[in-house]
Amino acid sequence: MLLSLSWLREFTPYKGSIDELSHRLTMVGLEVEEIIRPFPHLSPLVVGRVIEKRQHPGADKLSLCSVNVGGPDSLNIVCGAPNVEAGQNVAVALEGTKLPGGQEIRKTRIRGETSQGMICSETELELGQDSAGIMVLNDGIKPGTGLSYALGLEEFVLDIGVTPNRPDCLSVLGLAREVAALFDLPLNMPVLNLYEDGDRDCTDEVQIEIEDPAGCPLYQARIISGCHIRPGPAWMRHRLMAVGVRPINNIVDVTNYIMLELGHPLHAFDRTLLEGDWIRVARAHSGSRFTTLDNQERELNDRDLLIRDTRKPVALAGVMGGANTEINDRSSEVLLECAVFNPLNIRQTARRLGLHSESSFRFERGVDQAGAPFALDRAAQLMSELGCGRVYKGVAKSEPRPCKPLQVGFRRERANSLLALDVDQEYCRRVLTSLGCQIQEESGTMQVTVPTYRPDITREVDLIEEIGRVYGLDKTPEHLPKVQKSLEQGEADHEYEFLDSIKQWARGLGLQETINYSFVGMTDLDFLGIPLEGRVRVFNPLSEEQDVMRSHLLPGLLYTLKHNLGQGNTRLRLFETARSFVQDQTSETGVRENNRLALMLYGRRHRGHWPYPQDDVDFYDLKGLVENLLQSFGSFEGHFVLQENHSYLEPAVRCVYHRKEIGLLGRVRPEQSRVYKARKDIWFADLDLDKLHELCSGVKPQFQALPRFPVVKRDMTVVAPLELGYQQVLEVVENAGVAILEDVSLVDMYLPQEQQEKKFTLRLTYRHPDRTLKDSEVDREQQKMVDLLLKKLPVGFP
Amino acid sequence: MNTVQELNNSLKSLIQEFEHILNQASSLQELEDARVVFLGRKGKLARIMSRLPELDPADRPGTGRTANEVKTELNRILENRKEALEKQAAAGGDITFDPTLPGRTPDMGSLHPVTRVIQDISNIFVGLGFDIVTGPEVETDFYNFEALNLPPGHPARDMQDTLYITKSLVLRTHTSPLQVRTMEKRRPPLAAIAPGKVYRRDSDLTHTPMFHQIEGFLVDTHVSMADLRGTLTAFAQRIFDPDVKVRFRPSFFPFTEPSAEVDISCVMCQGQGRNQDGSTCRVCKETGWVEVLGCGMIDPEVFLQVGYDPDIYTGFAFGLGVERVAMLKYGINDLRMFFENDIRFLNQFA
Ligand SMILES: [Zn+2]
C-alpha cells in the first residue's frame, strides 16, 4: 500500500518527521518497506514567467521567449509550442536539468538563436498526456518557485507492507486511524456536503435485486447525469500518479481516488449502455462467457458473481467491469456502484482468471460494509464538485445481510500473562478505545465492541495482540523459559541424528556435500530409463525441468557434475543425502519418502600430482567407500552382486547387507554420461539410508578377549578361470569348517598376459585360542581346504 | 710366525679396518652392509673364529678371549657410529630430505553451508533442551494449511505460493506442519525444532523453489511472550554475535497470535546502514536491520486442532530461513550459489 504523506495529513495532523512516522508504523506491524520520492526528476524545475514573446526570425513555428526565472537576468528560450504567450507562468527546465525521458538540457543555438533552457509540456515531465502545448500554470506563483512546490506535488510516499489480516490499512483513512491512535492525534473525517441535483430520484430509476445474499450482502448505486468526460483535475491526477495509479478520466479517477482514500472499490457504468431499469447480482452460468474491460473474453463458472442489467451481464462483481458498459468519451450518464462482495467468491474468481486488480485485492481481504454509504456519498460529492455531472436524489440500495459489530470479552489478567506485562485496566481501555473499540465493563471483564472495519479481531487473543502491538512487542520483558520436560519423550525421532552422522562420515572421507533440488524433469528420469510407474508428478510446476519429484538422486548429481565440468572442476568427490519420492498408497500421504545417500566419484584418484600415480578412480574406489560405510556401523557383511541389464549403470553391482539389498553402485552408462559432458567414467552409488538405519540401530560393539597364542600364516595360490569371482573362492574357504582359521586376505592377484586364467594368492591366518599350533596340524587343515576347493570349484593349484 | 700370532694379529687388525670402513659409511644401510661383512654369520670375524680348532688346546682359551674382546669392540664401534649417523640424520644432515615437498594429504571433505547452519542452530536449541523432529516433505493440505488456521480461501494462503501434487497434497511450504504433527504425538510440556526442506512456487534472484527452514516450538502452561523473546534473543546472539541487537516487530501469521517478525542489527554494517567506506549497505538497504525470522504465540485455533485446551496451555513458535542465516553468517551474496554446488563454493565450507 502506497501512502502519500500529504494525503495522510488531510486526515490527521501529523507534524513529525517522515523517519519517525516510518519507524512507529513499522513497529506496530505496518512495515514501511521504502520511503519514495514520487517525482524526483521534477525537483530541479522552476516556475518561469514569459515576459516577452517574439517570432523566431529563422523558423515559422518557433518563438523566442524572454523568461523570468527569479534571477536578475531573464533567459532566452526558444519554444515550439503553439500556446505559449507573454504573461504566462510556465514550467522551465534550466541548463543541466535531466528530463524524465533522459534528455539533458544544455545551452544551444536553434536556427541561429540562443536557447538557455526549455519550457516543458505535461508529457515531457511525465505528468500527463497533454502534448499539444506547454503546461500553463496559475498566475499567482512567483517566478523562481520550485515546480514541485508550485504544483503541490507529493513529497513523500511510504510503501507499506500490509499483512492480509489488515484490510482496513489498505486506505489512507485506515492508516490515518493508526497514526492518530499512535501519536494521540485527532482523526478528521472529510465533511460530507453532497448536493443532490434535479428532481429525479435514483430509487425510481433503478431497482437492485440480489439473488445471492451471501455473495453480495450490500449493493448500492447512485446516478450522475449530464456528465462531461474529460481528464480529472491536475491535483487529483498528480496525487493518483504519486501512488502509482494511472489517471484515466474524471469519473474513473474519482472512483480510484475514493478506493485509495477510504478503501472502498467503486465501479462506474455508462448508464446509457445499461438496458432496463434494474440491476441484478447473481451467480454466472457455468460455461458462459463475458468480455471484461481489458477486452479479454472470459469463461465463467457458477461460483463467479455477475452484475447484470435486464438483458446482459455488465460486470464481473468486484473483479472487473465489462467492456460493454465502460465509461467512454461520450458517456453522459453514470451509474456509480458501491457494493460489498464475499471475499471467498472474489478470491476464487480473481485467482482462476488471473485477474488481480486493486479492487479484487481489497474485496478478497474484506471491505467495511458499514463504511460503504459514506464512500458512495463522498464519491458522488467529488464528482459533483469537480463538475463531472449532477447527482440524482437518493440511493438505489439492497442490503440483505446488514452487518453488526462483534462483541468480544477481554480479561486483563490474560493479556498480562500472555504478554508478560503488568498493565492496568485503564491502559487497556485507552488502547482499545483509541483503536475504535467501544467498551462496557461488567464485573471485572470487559465487553469490547469491535469496529466493523477490523475483521481481524474476533477473539480475546486478537484484542491481546492489539494491546501488545500498541505497547510495543519490542518493549515487553524477556527471559529464557523454565520448562519441566519429561526425558521419556526425547526418544522418538532419530532421523536427523542418523543423517547427520552419515554426513560427518562422508566429510571425513573427503567427500563434498551437495544439495540438489528435490524435483527434476520427467525427461531426466526417462533418459535414465527409469519406469513411469510410481512417479510423483508436480501438478503446477514452475517449468518442465522441475515437473516431477525425484525418485532417484542421480539426475541432480549429473547436473551438478555438468555445472562443475563447465567451470573447469574436473575432479569430483560428491555426496548428497536426500529423500526420494515414490507413490505408495500404504503411506500416510500416498507418497513414500525414502532417505538416500548418493556418492559420485569422477576424475583423478589423488588430488595432487607428485608423488601419486596420475590414474583415475575406478569401481574399487567407490566400493571401498561403501565398505567403509558398512564397517563404520560395526560389521562388515556387505556382499556385492553383479546385476545384468541395468538401465543406467554398466557395470551395476547390488550391495547386499545382512541379506537385505541396500543399494546399487557402478558406472553411469557412457552413452548417458556423455550427455552431461563427462569425458571420463562417472562412478555412482545410491544407498537406502532408512534400511541401513534400521539394520544398524541397536548394533553395538561386543568385547572379545585378546588372543594369547601366536598365529601361523600360510599363503595359498589358487589358479582360477577368468569368470570365477574372488568371493566364490572365499566362501568355500570360509565355510570349510576349519575352526582354527582366523582370517583370510587376498595378498596378490595375477592376470597373466594370455588371459586364460588368473591366480589369487590368499594369506590364511591360523590360531588356536588355547595353545600354540603345530606345523603339522596347520598343514592338515590347509590341505582340507585345498581338497574342498578342488571338489567345489574349477580351480587348480600351481 | 705361528698360527696363534697370526690369528691374534688378524683379530686386532679387524678393529682398525672396521673403524675405517664405518667412518666412510654415510648411511645406516652401509653400516648394516659392513656389519654383515665383519660380524655376520659368514663374516670376517666368524671366519677367523672358525680357525680356532687349528690351535694347540693350550692356546685356544687365550685367543678365544681375544676374539671375544675384538667382537665386543667391533660392536661398540658399530653402535657408536650408528648413533653418530642417526644424530647427523636427525640434525638434518640428510641432504636428500626436503620437508617442503607436498605431503600426502587425504582429501578434505566439506559440508554444505546449509548443513553447517542447521548443525549450528540445532546445537544451540538442543543445548536449551529442544528435541529435533522430522516429517514428510510431501504434506497434506490439512497439516500444511488447515490445521494451522489457514482454511481454503484464506487470503494468507497467497503469502506462500504453493506447489501442488494433487488437490489435497502439497510440497510443504513451511516446516510449521511439524508443530501440529508433534503436538498430536506428544503431550505438553514439549519443546522441539524441525529442520528441513520446504518448497514455494517462486524463482528469481532472491527466491529458489526449494529452500530450508527450521521451525521451533515450545508448549507448556504459562508460556509467555517473554519466553519467546528470551529464547530468540539468546539464539540470535549465539548464532551471529554476542553484541547483536534484536528487534521484535508485530506481524501476522495465521497460526500465531500475537505474531512478530524478528530483525537483527545488520551484521554487515553493524547496524549503521552504511559500510565503513561510506557506501550504502546493500544487505540491510540502509535500514541497519535485517529480518531473520517470524514467530509468535501459538494461536488457540492450532491448539484446538490437536485437542489441547487453550485456556490451560500456551506456547510459542518460530520459523527461520536457513539460507538467509547462511548468507548473513558467511557473507554469501547470491542465493543461487547454494544449489549450483560448484566445488569451489563448497570448498569454502570444509
Ligand atoms: Zn547493513
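Residues numbered from 1 in each chain as written. Chains lettered and ligands numbered in written order. Predicted model: local features only at pLDDT ≥ 70, side-chain atom pairs only at ≥ 80, totals over all residues. Heavy atoms only, no water.

Enquirer: Now, about the overall build of chain B: what can you tell me, with residues and values included?
Expert: On a plain count of helices and strands, chain B comes out with 12 helices and 10 strands. The globule rule puts the C-alpha radius of gyration for 350 residues at 20 Å, and the 40 Å found for chain B is more than 25% above it. For chain B, the C-alpha atoms occupy an extent of roughly 125 × 55 × 40 Å along the three principal directions. Pairs at least 24 apart in sequence give 68% of the contacts found in chain B among residues at least 6 apart. Here chain B has roughly 15900 Å² of accessible surface; of this, 49% comes from carbon and sulfur atoms. In chain B, which carries 38 positive and 47 negative side-chain charges, the distance between the mean positions of the two groups comes to 6 Å. (Helix = DSSP H or I, 4+ residues; strand = E, 2+ residues; numbered from the N terminus. Rg over C-alpha atoms; globule rule 2.2 N^0.38 Å. Contact = heavy atoms within 4.5 Å. Areas by Shrake-Rupley, 256 points an atom, 1.4 Å probe, with all protein chains shown as cover. Lys, Arg positive; Asp, Glu negative; His and termini not counted. Charge placed at Lys NZ, Arg CZ, Asp CG, Glu CD.)

Enquirer: Provide a residue-level description of the overall build of chain A, including the pertinent values.
Expert: Check the secondary structure of chain A and you find 21 helices and 40 strands. By the compact-globule yardstick of 28 Å for 798 residues, chain A is too spread out, its C-alpha radius of gyration being 42 Å. Looking at chain A as shown, the accessible area adds up to about 37600 Å², and 47% of this sits on carbon and sulfur atoms. Measuring between centres, the 93 positive side-chain charges of chain A sit 3 Å from its 114 negative side-chain charges.

Enquirer: Could you give me a rundown of the coordination of the zinc ion, with the residues and numbers involved?
Expert: Residues and elements named next belong to chain B. The zinc ion binds to the protein through Cys266 (SG), Cys269 (SG), Cys281 (SG) and Cys284 (SG), with metal-donor distances spanning 2.2 to 2.3 Å. Going along the chain, you hit the donors of the zinc ion in the pattern C-x2-C-x11-C-x2-C. Linking Cys269 in the loop between strand S8 (256–265) and strand S9 (289–298) with Cys281 in the loop between S8 and S9, this pair joins segments that are 12 residues apart in sequence. Each member of the pair Cys269 and Cys281 is classed as buried. (Donors = N, O, S within 2.8 Å, 3.2 Å for Na, K, Ca; no water. Buried < 20%, exposed > 50% of the residue type's maximum accessible area, 1.4 Å probe, protein only.)

Enquirer: Hey, could you go over the domain arrangement of chain B for me, with residue numbers and the actual values?
Expert: Segmenting chain B into domains produces domain 1 (3–90) and domain 2 (113–349). The gap between the C-alpha centroids of domain 1 of chain B and domain 2 of chain B is 82 Å. (Domains from an automatic or database assignment.)

Enquirer: Tell me what's going on with unusual backbone geometry, and back it up with residues and numbers.
Expert: Cis rather than trans, the peptide bond between Pro188 of chain B and Pro189 of chain B has omega equal to 0°. Looking along the chain, the bond that leaves Glu257 of chain B and enters Pro258 of chain B is cis, with omega of -5°. Looking at where Pro258 of chain B falls in the secondary structure, it is placed in strand S8. With phi around 65°, Asn295 of chain A is a residue other than glycine that occupies positive phi space. Examined against the element boundaries, Asn295 of chain A turns out to sit in the loop between strand S17 (289–291) and strand S18 (297–299). Even without being a glycine, His222 of chain B presents a positive backbone phi close to 65°. For His222 of chain B, the location among the structural elements is in the loop between strand S6 (210–221) and helix H8 (225–239).

Enquirer: Describe in detail a nonpolar patch on the surface, supporting the description with residues and values.
Expert: Residue and element names in this part refer to chain A. The grouping of Leu722, Leu746, Met749 and Leu751 at the surface amounts to a nonpolar patch, some 310 Å² of accessible area in total. Position of Leu751 relative to the elements: it lies in the loop between strand S39 (741–750) and strand S40 (757–766). With a relative accessible area of 40%, Leu751 lands in the partly exposed category. (Patch = residues over 30% accessible without salt bridge, like charges linked within 9 Å, V, L, I, M, F, W, Y side chains within 5 Å. Salt bridge = Lys/Arg side-chain N within 4 Å of Asp/Glu carboxyl O.)

Enquirer: Account for the pairing of strand S33 (residues 591–602) of chain A, with residues named and values stated.
Expert: Residues and elements named next belong to chain A. In terms of burial, S33 is a largely internal element, 11 of the 12 residues being buried. Of the strand pairs in this sheet, strand S32 (residues 572–583) and S33 are connected by 12 bridges, and their pairing is antiparallel. Opposite Arg573, over in S33, you have Leu601 as the bridge partner. Taken together, the 7 bridges between S33 and strand S37 (residues 682–688) define a ladder with antiparallel strand orientation. Counterpart to Arg596 in the pairing with S37 is Asp688. (Pairing = 2+ DSSP bridges.)

Enquirer: Account for the domain arrangement of chain A, naming residues and giving values.
Expert: Under the domain assignment used here, chain A contains domain 1 (2–38 + 155–183), domain 2 (40–151), domain 3 (196–398), domain 4 (406–475), domain 5 (495–697) and domain 6 (712–792). For domain 3 of chain A versus domain 6 of chain A, the separation of C-alpha centres amounts to 94 Å.

Enquirer: How would you sum up the interface of chain A and chain B? Please name residues and give values.
Expert: Counting residues at the interface gives 90 residues for chain A, matched by 104 residues for chain B. On the chain A side of the interface with chain B, the three residues burying the most area are Leu473, Tyr496 and Ile515 of chain A, jointly 9% of the side's total. The shortest N-O distance in the salt bridge between Arg229 of chain B and Asp474 of chain A comes to 3.6 Å. The interface formed by chain A and chain B holds 46 residue pairs in polar contact (both at pLDDT 80 or more) in total. Examining the composition of the side of chain A that touches chain B, we find that 8 residues originate from one element, S32 of chain A, more than from any other. For the side of chain A that touches chain B, the per-class residue count stands at 34 nonpolar, 26 polar and 30 charged. (Buried area = accessible area lost by both parts, 1.4 Å probe. Polar contact = N/O pair within 3.5 Å; in protein donor to acceptor, adjacent residues only side chain to side chain. Nonpolar A, V, L, I, M, F, W, Y, C, P; charged D, E, K, R; others polar.)

Enquirer: I'd like a description of the side chain of Thr134 of chain B, backed by residues and values.
Expert: Positionally, Thr134 of chain B belongs in the loop between strand S1 (131–132) and strand S2 (138–140). On the basis of relative accessibility, which here comes to 17%, the residue Thr134 of chain B falls in the buried class. In terms of polar contacts, Thr134 of chain B uses its side chain to reach the side chain of Glu495 of chain A, at 3.2 Å. The contacts of Thr134 of chain B, once residues within four sequence positions are left out, are Asp493, Glu495, Tyr496 and Arg579 of chain A together with Leu178 of chain B.

Enquirer: So what about the packing of aromatic side chains? Which residues, and what values?
Expert: Evaluation of the coordinates by the stated rule reveals 27 aromatic pairs over all chains. On the numbers, 5.4 Å between centres and 80° between planes, the contact of Tyr559 of chain A with Tyr676 of chain A is edge-to-face. With Tyr559 of chain A in helix H16 (residues 554–566) and Tyr676 of chain A in the loop between helix H18 (670–673) and S37, the pair connects residues that are 117 residues apart, well separated along the chain. Under the relative-accessibility criterion, Tyr676 of chain A is labelled buried at 4%. Between the aromatic rings of Phe619 of chain A and Tyr620 of chain A, the centroid separation amounts to 5.3 Å while the plane-to-plane angle is 85°, which identifies the pairing as edge-to-face. For Phe619 of chain A, a relative accessible area of 12% translates into the label buried. Judged by its relative accessible area of 61%, Tyr620 of chain A falls in the exposed class. An aromatic cluster of three or more residues is present, and its members are Tyr517 and Phe519 of chain A together with Tyr199, Tyr330, Phe338, Phe339, Phe345 and Phe349 of chain B. The cationic tip of Arg24 of chain A hangs over the ring face of Phe183 of chain A; the distance from NZ or CZ to the ring centre is 4.9 Å. Arg229 of chain B extends its terminal NZ or CZ atom over the ring of Phe248 of chain B, reaching a point 4.8 Å from the ring centre. (Phe/Tyr/Trp six-rings, centres within 6.5 Å; stacked < 30°, edge-to-face > 60°. Lys NZ or Arg CZ within 6 Å of the ring centre and 35° of its normal.)

Enquirer: A description of the sheet that holds strand S21 (residues 320–321) of chain A should follow, citing residues and the corresponding values.
Expert: All names here are of chain A. Strand order in the open sheet formed by 5 strands is S13-S16-S19-S20-S21, and the pairing between neighbours is mixed. Edge strands, defined here as strands with exactly one partner in the open sheet, are strand S13 (207–210) and S21. Across 4 bridges, the pairing between S13 and strand S16 (residues 278–283) is parallel. Among the inter-strand pairings, Ile208 is bridged to a residue of S16, identified as Ile279.

Enquirer: Could you give me a rundown of the side chain of Ser115 of chain A, with the residues and numbers involved?
Expert: Residue and element names in this part refer to chain A. Summarising the element assignment, Ser115 is placed in strand S8 (residues 113–115). Ser115 sits in the buried class, given a relative accessible area of 2%. A polar atom in the side chain of Ser115 sits 3.0 Å from the backbone nitrogen of Val78. In contact with Ser115, not counting residues within four places along its chain, are Asn76, Ile77, Val78, Arg106, Lys107, Thr108 and Ile110.

Enquirer: Before we move on, can you summarise the packing of helix H5 (residues 113–127) of chain B against helix H10 (residues 322–330) of chain B with the specific residues and values?
Expert: Residues and elements named next belong to chain B. Remark: H5 packs on H10, axes separated minimally by 9 Å, with the N-to-C direction vectors making an angle of 95°. Taken together, the axis directions place H5 and H10 in an arrangement best described as roughly perpendicular. Each of Pro113, Val114, Arg116, Val117, Ile118 and Asp120 in H5 lies in contact with H10, whose residues at this interface are Val322, Glu323, Val325, Ala326, Lys329 and Tyr330. Of the residues that constitute the contact of H5 with H10, the class distribution is 8 nonpolar, no polar and 4 charged. (Axes fitted to C-alpha atoms, helices over the stretch in contact; angles between N-to-C directions. Parallel < 35°, antiparallel > 145°, perpendicular 65-115°, else oblique.)

Enquirer: Explain the sheet that holds S6 of chain B to me, and be specific about the residues and the numbers.
Expert: Whenever strands of a sheet pair, they do so through backbone hydrogen bonds, lying parallel or antiparallel. Residues and elements named next belong to chain B. The sheet built from 7 strands is open, its strands ordered S1-S5-S6-S10-S9-S8-S7 with mixed pairing. Every interior strand has two partners, whereas the edge strands, S1 and strand S7 (246–253), have only one. Across 9 bridges, S6 lies against strand S10 (residues 313–321) in antiparallel orientation. Note that in S10 the partner of Asp220 across the bridge is Thr314.

Enquirer: Summarise the environment of Phe339 of chain B; cite the residues concerned and give the values.
Expert: Along the chain, the position of Phe339 of chain B falls in helix H11 (residues 337–340). Once the C-alpha coordinates of Phe339 of chain B and Met210 of chain B are considered, the two residues, 129 residues apart in sequence, prove to be 9.2 Å apart. For Phe339 of chain B, the residues in contact, after removing those within four places along its chain, are Ile515 and Tyr517 of chain A together with Thr208, Met210, Phe211, His212 and Glu323 of chain B.

Enquirer: Account for helix H13 (residues 460–471) of chain A, naming residues and giving values.
Expert: Residue and element names in this part refer to chain A. Its 12 residues give H13 an end-to-end C-alpha distance of 17 Å, which sits within 8% of 16 Å, the value for a rise of 1.5 Å per residue. Judged by how many residues are buried, H13 sits mostly within the fold: 10 of 12 residues are covered. Within H13 the residues assigned to the buried category are Glu460, Val461, Asp462, Leu463, Ile464, Glu465, Glu466, Ile467, Gly468 and Arg469. One or two steps after H13, the chain reaches Gly472, where phi turns positive at roughly 105°. (Expected span 1.5 Å × (residues − 1).)

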